[in-house]
Amino acid sequence: MGGNLVTSRGGRHAYGALSVLAAGALVLTGCSKGGSDKGGDDDKQQQNAQRQQALIEFGDAKASTGPAAEVPGAKPGGTLEVLQRDSYAHLDPAQIYVADEGSLATLLHRGLTGYKATGDDGSKHEVVGDLATDSGTTTDGGKTWKYTLKDGIKFQDGTPITSKDVRHSVERLFAPFINQGPTFVQQWLADSPGATYRKLLKDGPYKGKHLPDSVLETPDDKTIVFHFKTPHADLPYALAMAGYGIVSQKGDTKERYDKAPVTTGPYKVESFKSGKSMVLVKNTNWDPKTDPIRHQYIDRFNFTFNQQYEASTKALLADGGKDRTGISFNNQVDAGNLSSVLNDAKLKSRTVSGYQSFVGQMNINMSHKPMQDKTVREAIAYALPVTPFVRAYGGTDAMEVAGGLISPTVSGYDAAFDPWGKKKKPAGDAAKAKELLKKAGKLNMKLTFGYINTPEGQQYSTAMAAGLKKAGFDVQRQEIPAETYYDQVSKLDNNYDIFHTAWGADWPSTSTVIPPLYDGRVIAEGAQNYSQVNDPKINSEIDRIGKITDPAKAASEWEKLDQYIVKDVINVVPTAYYKQTQIAGSKVGGLVYDDVLSGIDPRRLFIK
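Since the structure is predicted, the reported quantities are computational estimates derived from the model, not experimental observations. Within each chain, residue numbers correspond to sequence positions counted from 1 in written order. The predicted nature of this model means local features are confined to residues of pLDDT at least 70 and side-chain atom pairs, given and counted, to a pLDDT of 80 or more, with totals for whole chains, interfaces and linings taken over all residues. Hydrogens and water are ignored here; the side-chain numbers use all heavy atoms of the structure.

**A word on the overall build of the protein chain**
- Helix and strand definitions follow DSSP, with helices as H or I runs of at least four residues and strands as E runs of at least two, each counted in order from the N terminus. Within the protein chain, the secondary structure is distributed over 15 helices and 23 strands.
- Here the radius of gyration uses the C-alpha set of atoms, whereas the globule reference equals 2.2 Å times the residue count to the power 0.38. For 608 residues, the compact-globule estimate of 2.2 N^0.38 gives 25 Å, and the protein chain sits close to it at 22 Å.
- By principal-axis analysis of the C-alpha atoms, the protein chain measures approximately 70 × 55 × 40 Å.
- Residue exposure (1.4 Å probe, protein chains only): buried if accessible area is under 20% of the type maximum, exposed if over 50%, otherwise partly exposed. The burial tally for the protein chain puts 64% of its 608 residues in the buried class.
- A 1.4 Å probe and the Shrake-Rupley method give the accessible areas. Residues count as covered only by the protein chains that appear here. Carbon and sulfur atoms form 50% of the exposed surface of the protein chain, whose accessible area is close to 21,000 Å².
- Charge counting treats Lys and Arg as positive and Asp and Glu as negative, with His and both chain ends excluded. The atom standing in for a charge is NZ when the residue is Lys, CZ when it is Arg, CG when it is Asp and CD when it is Glu. Averaging the locations of the 73 positively and 70 negatively charged side chains of the protein chain gives two centres separated by 3 Å.

**A word on the sheet that holds strand β7 (residues 144-148)**
- Read from one edge of the open sheet, three strands run β7-β9-β8, paired in antiparallel fashion. Two strands bound the open sheet, and with one partner strand each, they are β7 and β8 (216-217).
- Inspection of the sheet shows β8 paired to strand β9 (residues 223-227) by two bridges, in the antiparallel sense. Across the sheet, Glu217 pairs through a bridge with Val225, a residue of β9.
- Seen against the sheet, helix α3 (residues 163-171) touches β8 and β9 and runs at an angle of roughly 30° to β9. When DSSP finds two or more bridges between two strands, those strands count as paired. Only heavy atoms matter for contacts: two residues are in contact if any of them lie within 4.5 Å across the pair. Fitted lines through C-alpha atoms serve as axes, helices being fitted only where they are in contact, and the angles separating the N-to-C directions of these axes extend from 0 to 180 degrees.

**Things to note about unusual backbone geometry**
- In this chain, Gly66 is followed by Pro67 through a cis amide linkage whose omega measures -5°.
- With respect to the secondary-structure elements, Pro67 resides in the loop between β3 (57-58) and β4 (79-83).
- One non-glycine residue, Asp191, lies in the positive phi region at around 50°.
- Within the element layout of this structure, Asp191 appears in the loop between α4 (184-190) and β8.
- Phi at Asp319 takes a positive value of approximately 55°, unusual for a residue other than glycine.
- Within the element layout of this structure, Asp319 appears in the loop between α6 (309-318) and β13 (326-327).
- Taking relative accessible area as the criterion, Asp319 reaches 18% and is therefore assigned buried.

**Description of the confidence of the model for the protein chain**
- Residue-level confidence of the predictor is what pLDDT reports, using numbers from 0 through 100. For the protein chain, per-residue confidence averages 91 on the pLDDT scale, and residues scoring 70 or more make up 92% of the total.
- This stretch, residues 1-40, has a pLDDT under 50; its non-local contacts, to residues over four places away or in other chains, come to 378 contacts.

**A closer look at the pairing of strand β19 (residues 572-583)**
- Burial of β19 is extensive: 12 of the 12 residues sit out of reach of the surface.
- Sheet topology places strand β14 (residues 351-364) next to β19; nine bridges connect them, and they run antiparallel. If you follow Val359 over to β19, its bridge partner there is Tyr577.
- Across three bridges, the pairing between strand β15 (residues 399-401) and β19 is antiparallel. Residue pairing in the sheet places Met399 in a bridge with Tyr578 of β19.

**Details of the nonpolar core**
- Core analysis: the largest hydrophobic core is formed by 132 residues, its most contacted members being Phe226 and Phe473.
- Counting residues per element, this core draws most heavily on helix α15 (residues 551-569), which supplies seven residues.
- Once residues within four sequence positions are removed from consideration, Phe473 is found in contact with Val376, Ala379, Ile380, Leu437, Met445, Leu447 and Leu468. Side-chain atoms within 4.5 Å are what join buried Ala, Val, Leu, Ile, Met, Phe, Trp, Tyr and Cys residues into a set we call a nonpolar core.

**Comments concerning the sheet that holds strand β18 (residues 498-504)**
- One open sheet holds the six strands; their spatial order is β15-β19-β14-β18-β16-β17, and the pairing between them is mixed. The sheet terminates laterally at β15 and β17 (473-480), the two strands that pair on one side only. Going across the sheet, the axis of each strand differs from the next one's by a mean of 30°, ignoring polarity.
- Along the sheet, helix α11 (residues 455-470) makes contact with β14, β16 (445-452), β17, β18 and β19, crossing β16 at roughly 165°.

**Notes on the packing of aromatic side chains**
- Only Phe, Tyr and Trp rings take part, Trp by its six-membered ring, and two of them pair if their centres are within 6.5 Å. Stacked means planes under 30 degrees apart, edge-to-face means over 60, and tilted covers everything else. Considering all chains together, one arrives at 29 aromatic pairs under this definition.
- Ring centres of Tyr88 and Phe305 lie 5.5 Å apart, and the angle between their planes is 90°; this geometry places the pair in the edge-to-face category. Note that Tyr88 is positioned in the loop between β4 and α2 (99-108) and Phe305 in the loop between β12 (300-304) and α6, a separation of 217 residues in sequence. Residues Tyr88 and Phe305 agree in their burial class; the two are buried.
- Aromatic side chains Tyr237 and Trp507 sit 5.6 Å apart centroid to centroid with 20° between the ring planes, which places their arrangement in the stacked category. In this pair, Tyr237 is assigned in helix α5 (residues 235-239) and Trp507 in the loop between β18 and α13 (514-518), connecting sequence segments 270 residues apart. Both residues of the pair, Tyr237 and Trp507, belong to the buried class.
- Grouped by ring-pair contacts, the aromatic residues Phe58, Tyr147, Phe184, Trp188, Phe226, Phe228, Tyr237 and Trp507 constitute a single cluster.
- Charge over a ring is defined by NZ of Lys or CZ of Arg lying within 6 Å of the ring centre and within 35 degrees of the ring normal. Lying across the ring of Tyr206, Lys254 places its NZ or CZ 4.7 Å from the centre.
- Above the face of the Tyr451 ring, Arg477 is positioned so that its terminal group lies 4.2 Å from the ring centre.

What follows is the structure in structure tokens.
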């Protein structure tokens, strides 16, 4: 997912340590991998990472026909207890770009396309038509894409879903209050990089204006045609993101939709007390015959928030009472229990693990004048210790020290790239950093470090601050609440000189990593250029590489740009590649680690 992990995003975001799908979420999902790093299992993890680099095929009408293939052994009924660290800041699909919200969205929202698992282990997928009859048809190499809606698709209130709702969902993406989700489709429609796409329809559809038919055509209730000035062969991937889920034109309450959306998926929100609890119940207007992707085995999902990793792990390990039917969609096994969980054969059937697409990075806020001194940024890059970050999430079973910004799960990854020596010296090089600060006359300069207020965030930020102090910085830590972490760090005028985020590719291409994060033209309130870097070479290279149609050649050029950003611009310092291990209660069935979601797949779960 594009974005962040948790909370992250990014394609997905991750939080925790980070900033999802594509994904990527506020999830902060930390990350983890399966298996211990000892012995042969590391080979298995490398294969897992390489497998995720493969491009996912686009499915035809047959592949897009529901219902979804039955999960082996599944039966309907029962209540699932979901223990989550973070409450959900956003339920409006257009505002979803972090991993934990992306996982939840699989139960609530449907889009024109979606990712269908083509096996029972979460490792193979194709992009299929979800609300549309297929993954899309183009006859001119990706400039024009046509979609036809399926029969019998409805919102939770029973209203049929028509092309008017699709048009409305696309047009509202241009409204000023939509500022947290992906922007690929908006930029493609406007044929314009960065945040300038909003000029195409600056108030969205709310003041009576609409996109012209030359951009978005809806000739009848069933047909939607996207018109781009340049080819965009990746549209089916983009439309599969949670951020492009369909919103009800009739039920659109603008900003209020974020807490009470009108859903299209198998579940609807019965109650939501932000920061405390949430209940999902079956959406009786969801028709499985129209849905090739999702199931509706569970009667009810009970969410409890503010469950830290250690608390959820202990509860699920104890496996008593309601916790026997318990799970967390995004919490990982905590650092203290990770090794024993991975080495306990009896727990094997209750755990899943895998590489995530998230890459952690310490952002250096380029809008703050003291951070505009390149020598200061070099000093931060050398001094920053990565060991505390890896340790906070459970060591090498949960993290791998990063050299660059391209994950091992994305084509173009270069294992040898390590300009700041983090793989050899993960504790940082305080002496070298101090020398640089002295040279710049900046010893004892103040550095405000914004950190996520979770046990892991407190732990790694304290130790990282100590490493930076040793190098001659006067570090002031400032806590940021986990639930709104990404909202806070994406404010243009924030106090933080440095802060950590994580980002995952939205699909296995660096085109979903570097442009959203480092294009200077996307600097905007709520956007994902967290470091606010605006470098002419990065901007022009993004445009140049974006036109390369050969994926292998593009991957190699993106990797060169990755190296320029990390080594020469130094607006971020890569920290770690994420892996994730998750655990469930003994009565939970359908447990798999899904590569696209970078975690448990909520759509397959059932109560044994």
